[in-house]
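# Examining the three-dimensional arrangement
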Amino acid sequence: MLTLLESAKLALNNGEVKRAAVISMFAQQSAWLRAMNFTNILGNSYGYNVEGALPGVAFRGINESYPESTGIINPQAEMLRIAGGDLDVDKALVKMHGASVRPRHEALKIKALAAEITRVMIKGDSETNPREFDGLQKRCVNAQLIANGATSGGDPLSLANLDALIEAVPGCNVIMIPRVLRPRFTALMRNQTLAGNIMQSRDQFGSLFETYNGIPLVPAYPDNDGVDPLGFNEAGPGGGTTSASIYAARIGDGYLQMIQNGTMEVTDLGELNSSPVFRTRVEWLLGMVVEHGRAAGRLWGISNAAIVA
């Protein structure tokens, strides 16, 4: 099990400089992808069991028997999906501006790919598009779907409800938030009544990030059209379509993680015969698994307003 940054270091140690750079760019562009662990699998699917109910236990007297009781295990399987794209740079641009122009243009494509994969991690729906895996919005149901309020259009985020969300995900180690809410959290540090829960630190790339009671707050990355996949455009528990959601998750083996058939492939195809461009192909066989019934939760019905207690 590796993070993207660990995979990039491994590729660099193997002398795969271009592949290491591309993987590192994916990690830099998407905080969600950077936070995830990736497990390599063989074949095209990953089978696992989700705990449904624990077996019963009892006390017994001398010469008495225990009542038979068996736990419930719900078998699941996740299929890999194919994500990627071709990164083309015109030969004339390389001639005019030098070889350094190629990685700059490739970075734009990687930014778009990272954003699209992040969108699917949140909003993916395999019924609507079989090429996608199901995202967290579709997976968080029943007790793992917590209403922030009942007002049409949403209610201001309540820290009490955020605490309830964290409680619904034992061992929670990441909170995924809309990017627009990030300034709302930093504003809490200036609020004498609510200050103390929010702290700031810097990630591996030197960028500031916030934590809530020690849990990293990870903003979603805007998708390819520049629209935040956790924008204030969702239907809420009280009606309306102007609210957003926050997700809590426990990332790790046996909980929420990504799967892949080998790490990301980066192939330099050189100049094409059919067109005067240099092409790099990125392809990634990946999917997402939730191996525990309480590995993730969703708090929905949040309006774009100042956070309250």
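Residues numbered from 1 in each chain as written. Predicted model: local features only at pLDDT ≥ 70, side-chain atom pairs only at ≥ 80, totals over all residues. Heavy atoms only, no water.

So, on to the pattern of salt bridges. Inspection of the entire model under this criterion finds 17 salt bridges. The partner of E106 in a salt bridge is K18, and the shortest N-O contact between them spans 3.1 Å. Separated by 88 residues along the polypeptide, E106 in helix α5 (residues 101–123) and K18 in helix α2 (residues 17–29) bring together distant segments of the chain. With relative accessibility at 29%, the residue K18 sits in the partly exposed group. With a closest N to O distance of 2.5 Å, R119 and E132 form a salt bridge. A residue pair is termed long-range when its members are at least 10 positions apart, and R119 in helix α5 and E132 in the loop between α5 and α6 (136–139) qualify at 13 residues. (Salt bridge = Lys/Arg side-chain N within 4 Å of Asp/Glu carboxyl O. Helix = DSSP H or I, 4+ residues; strand = E, 2+ residues; numbered from the N terminus. Buried < 20%, exposed > 50% of the residue type's maximum accessible area, 1.4 Å probe, protein only.)

With that settled, the discussion passes to unusual backbone geometry. The backbone of N142 shows a phi angle near 55 degrees, a positive value even though the residue is not glycine. Relative to the helices and strands, N142 is located in the loop between α6 and β5 (145–147). Although it is not a glycine, N213 sits at a positive phi angle of roughly 50 degrees. One can find N213 in the loop between β8 (208–212) and β9 (215–219).

Counted by the stated rule, this structure contains three aromatic pairs. Both rings, one in F26 and one in W284, keep their centres 5.7 Å apart while their planes meet at 75 degrees; by these two values the pair is edge-to-face. Of the two residues, F26 sits in helix α2 while W284 sits in strand β13 (residues 277–290), which places them 258 residues apart along the sequence. The two residues F26 and W284 agree in class, both being buried. The rings of F26, F38 and W284 are connected pair by pair, giving a single aromatic cluster. (Phe/Tyr/Trp six-rings, centres within 6.5 Å; stacked < 30°, edge-to-face > 60°.)

Before going further, it helps to spend a moment on the nonpolar core. Judged by nonpolar contacts, the single largest core of 42 residues is most densely connected at F26, W32, L33, M176, L256 and W284. Among the elements of the structure, α1 (4–13), α2, α3 (31–35), α5, β6 (174–177), β10 (244–249), β11 (256–260) and β13 are those that each provide at least two residues to this core. With seven residues, α5 is the largest single contributor of residues to this core. If near-sequence neighbours (up to four positions away) are discounted, L256 is found in contact with M36, L136, M176, A249, R250, I251, M288, V289, V290 and A295. Residues L162, C172, L188 and A248 belong to the second largest nonpolar core, which totals 26 residues. (Core = buried A, V, L, I, M, F, W, Y, C linked by side-chain atoms within 4.5 Å. Contact = heavy atoms within 4.5 Å.)

Moving on, we get to the sheet that holds strand β7 (residues 198–202). Taken together, seven strands build an open sheet; the order of strands is β5-β14-β10-β6-β9-β8-β7 and the sheet is mixed. The outermost strands of the open sheet, each flanked by one partner alone, are β5 and β7. In this sheet, neighbouring strand axes are inclined to one another by 30 degrees on average, regardless of whether the strands run parallel or antiparallel. Two elements, β6 and β9, share three bridges in a ladder whose sense is parallel. Within β9, the position partnered with I177 by the bridge is P219. Strand contacts of helix α7 (residues 159–167): β5, β6, β8, β9, β10 and β14 (296–302), with the helix running at about 160 degrees to β14, the strand carrying the most contacts. (Pairing = 2+ DSSP bridges. Axes fitted to C-alpha atoms, helices over the stretch in contact; angles between N-to-C directions.)

Listing the buried residues of α7 in full gives L159, N161, L162, L165 and I166. All buried residues of α7 project into a common sector of 155 degrees when viewed along the axis, lining one side. At the N-terminal boundary of α7, the capping side chain belongs to S158, with an oxygen 3.2 Å from the backbone nitrogen of A160. (Arc of directions from axis to C-beta. Polar contact = N/O pair within 3.5 Å; in protein donor to acceptor, adjacent residues only side chain to side chain.)

A separate point is α2. For α2, which comprises 13 residues, the first-to-last C-alpha distance of 18 Å matches the rise-based estimate of 18 Å (1.5 Å per residue) to within 8%. Considered for burial, the residues of α2 that qualify are R19, A20, V22, I23, M25, F26 and A27. (Expected span 1.5 Å × (residues − 1).)

Looking at the secondary structure, you find W300 in strand β14. Note: C-alpha distance between W300 and P67 (233 residues apart in sequence) is 42 Å. Aside from chain neighbours lying at most four places away, what touches W300 is L145, I146, A147, N148, A235, G236, P237, A244 and S245.

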